[in-house]
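# Understanding the architecture of this molecule
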Amino acid sequence: MEQQNAGPLPPAGPEPAKAIEPPKKEELSKGALVGLFALMALSFYFMFTYTGPFMWLAELQMRWMDGYSEKLTFVLTMVVLVVPAALIWKFVQVAVRNLGPGVSSGGVAPAGTKEAGAGVKPRDIKLPAVAILPLVGAIALGIGLFMYWRGATAGPLTAVKVKELEEGKKPASSHLIVEGVPMWEYTISFKKSGKDCYVPLVSPGWKPGTVAVYVECKEEDLPRVPGMEVKSFTGMRAVGGLPGPVRVAFEKGLFKPAEGYVVIETREDPVKLLGFANGPTWMGGGLVGVGVMVWG
């Protein structure tokens, strides 16, 4: 008895719907986090030493305007460093993914490997983007601790004459009363966020050559009728010396900076620094604490 051919199979039901994966949250890898912190520290270095991209960007602004914004220049320096670094890092990631070990010339994992069989991706430890907060906290904490360190280690108020500094004497404190003759007519003004003035301070018997002391003050502190009398100035010894453009301008004139010269900031004192240090120190410490919890 012949077996009749089976009729056409009933139409298959609808294919099961594929599960839609929720969009992945933006995450920041540990390597990227460390790199960002390093580039931020490098930007601070360029700002304090007035070198590299910070110097180029500042002088570009000064060609267009009377001065430059220190904060804006710092941000632009970060952009100049981060953008090329991010592009290079992305290029390296793509190159490793396509040409790294275990990948054939076609960019596909060879048969028999774990990647081909199970589609297992190498483990990539990542952190949520909010983990960048401790970086911000670390910077604020560093600024606060630096201000606190300057105020706490300034030492007692010490009187010194410019003649002693011209002879190579090192001041025993960072909080000084310096006595000398201010050369008001040779003041150089420099505009950052505000307008600072830098005045060479010399001894009564000074002969043209190098200058051991400069006084940093504001424009309103300049006398209406400049004189050549001996005056005393009280303030803190500045960290980093003269701003780059001011130093270059003095080097081209009669009042060249001596080796180990001192800049006196007339509007700074240890008590003020200790008071200002509280805000960034507490805020930075709090952000670092939150970051540790997030990392945990």
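Right above here is the structure, for reference.
Described below are features of the structure shown in this document. (Residues numbered from 1 in each chain as written. Predicted model: local features only at pLDDT ≥ 70, side-chain atom pairs only at ≥ 80, totals over all residues. Heavy atoms only, no water.)

## What to know about a nonpolar patch on the surface
- Judged by side-chain polarity, V75, V79, V83 and L87 come together as a nonpolar surface patch covering roughly 350 Å² of accessible area.
- Looking at where V75 falls in the secondary structure, it is placed in helix α3 (residues 70–99).
- The class for V75 is partly exposed, based on a relative accessible area of 46%. (Patch = residues over 30% accessible without salt bridge, like charges linked within 9 Å, V, L, I, M, F, W, Y side chains within 5 Å. Areas by Shrake-Rupley, 256 points an atom, 1.4 Å probe, with all protein chains shown as cover. Salt bridge = Lys/Arg side-chain N within 4 Å of Asp/Glu carboxyl O. Helix = DSSP H or I, 4+ residues; strand = E, 2+ residues; numbered from the N terminus. Buried < 20%, exposed > 50% of the residue type's maximum accessible area, 1.4 Å probe, protein only.)

## Digging into the packing of aromatic side chains
- The tally for this structure, following the rule as stated, stands at six aromatic pairs.
- With 4.8 Å between their ring centres and 40° between their planes, Y214 and F250 make a pair best called tilted. With Y214 in strand β7 (residues 209–218) and F250 in helix α7 (residues 244–251), the pair connects residues that are 36 residues apart, well separated along the chain. Taken individually, Y214 and F250 each receive the classification buried, so the pair is uniform in this respect.
- Taken together, Y186, W206 and F255 form an aromatic cluster joined through their ring pairs. (Phe/Tyr/Trp six-rings, centres within 6.5 Å; stacked < 30°, edge-to-face > 60°.)

## Some points on the pattern of salt bridges
- One pass over the structure, following the stated rule, counts six salt bridges.
- R150 serves as the salt-bridge partner of E265, at 3.5 Å between the closest nitrogen and oxygen. Separated by 115 residues along the polypeptide, E265 in strand β9 (residues 255–265) and R150 in helix α5 (residues 133–152) bring together distant segments of the chain.
- Judged by its relative accessible area of 15%, E265 falls in the buried class.

## Digging into the pairing of strand β6 (residues 195–202)
- Within β6, seven of the eight residues are buried, which leaves the element mostly enclosed by the surrounding structure.
- With two bridges joining them, strand β4 (residues 175–182) and β6 adopt antiparallel strand pairing. Bridging from a neighbouring strand, V181 pairs with V202 of β6.
- Direction of pairing for strand β5 (residues 188–191) relative to β6: antiparallel, over a ladder of four bridges. Residue pairing for β6: S189 is matched across the bridge by C197.
- In terms of strand pairing, β6 meets β7 through six bridges, oriented antiparallel. Directly across from V199, in β7, lies its bridge partner V215. (Pairing = 2+ DSSP bridges.)

Keep in mind that these numbers describe shape and distance, not what the molecule does.
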